[in-house]
Amino acid sequence: KKLNLKKYGLTLKEYDDLYKFQNGCCALCGMHERHFNRALHVDHNHRNGKVRGLLCFDCNTGLGKFYDDPELLRAAIRYLDLNGFYVPEISNKE
């Protein structure tokens, strides 16, 4: 795993401790790392650099697309609530 931990001021042990604390799952969507082709990303506050948790690529990128702005994210939720949202059909077929 290439994690670039120095950028976030984390040691490998600190990353591993956070990984264990999150049970190897994305702190946002809850999916386990084994469902992705890559390691969980270190999510951090862009203003103060503080590490917030570990996220999958999609969740980490999604937050970035909304500039980590809670008001913008709330507006997106209101939009989805008003206009409907996609729920994938779950099939038991193998």
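Remember, it's a predicted structure, so these values are computed and weren't measured experimentally.

*Asks:* Just to check I follow, could you spell out the environment of arginine 38 for this structure?
*Replies:* Looking at where arginine 38 falls in the secondary structure, it is placed in the loop between α1 (12–21) and β1 (41–44). On the accessibility criterion, arginine 38 (43% relative accessible area) is partly exposed. Here the alpha-carbon distance between arginine 38 and leucine 3, two residues 35 residues apart in the chain, equals 9.8 Å. With residues up to four places along the chain from it excluded, the contact list for arginine 38 reads Glu33 and Phe57.

*Asks:* What exactly am I supposed to notice about the pattern of salt bridges here?
*Replies:* Where charged atoms of side chains with opposite charge meet at close range, the side chains can pair. Going through the model one piece at a time under the given rule, you end up with four salt bridges. In this structure, the salt-bridge partner of aspartate 17 is lysine 13, at a minimum N-O distance of 2.8 Å. A residue pair is termed a helical-turn pair when its members lie 3 or 4 positions apart in one helix, as aspartate 17 and lysine 13 do in helix α1 at four residues. Of the residues examined, aspartate 17 reaches a relative accessible area of 36% and is grouped as partly exposed. Residue aspartate 68 is joined to arginine 52 by a salt bridge in which the shortest nitrogen-to-oxygen separation is 3.0 Å. A residue pair is termed long-range when its members are at least 10 positions apart, and aspartate 68 in the loop between α2 (57–65) and α3 (70–83) and arginine 52 in strand β2 (residues 51–55) qualify at 16 residues. For aspartate 68, a relative accessible area of 22% puts it in the partly exposed group. Through salt bridges with shared partners, one network takes in Asp43, Arg52 and Asp68.

Here is what the cut-offs are and how they apply
Residues numbered from 1 in each chain as written. Predicted model: local features only at pLDDT ≥ 70, side-chain atom pairs only at ≥ 80, totals over all residues. Heavy atoms only, no water. Helix = DSSP H or I, 4+ residues; strand = E, 2+ residues; numbered from the N terminus. Buried < 20%, exposed > 50% of the residue type's maximum accessible area, 1.4 Å probe, protein only. Contact = heavy atoms within 4.5 Å. Salt bridge = Lys/Arg side-chain N within 4 Å of Asp/Glu carboxyl O.

No statement about biological role is implied by the geometric values presented.
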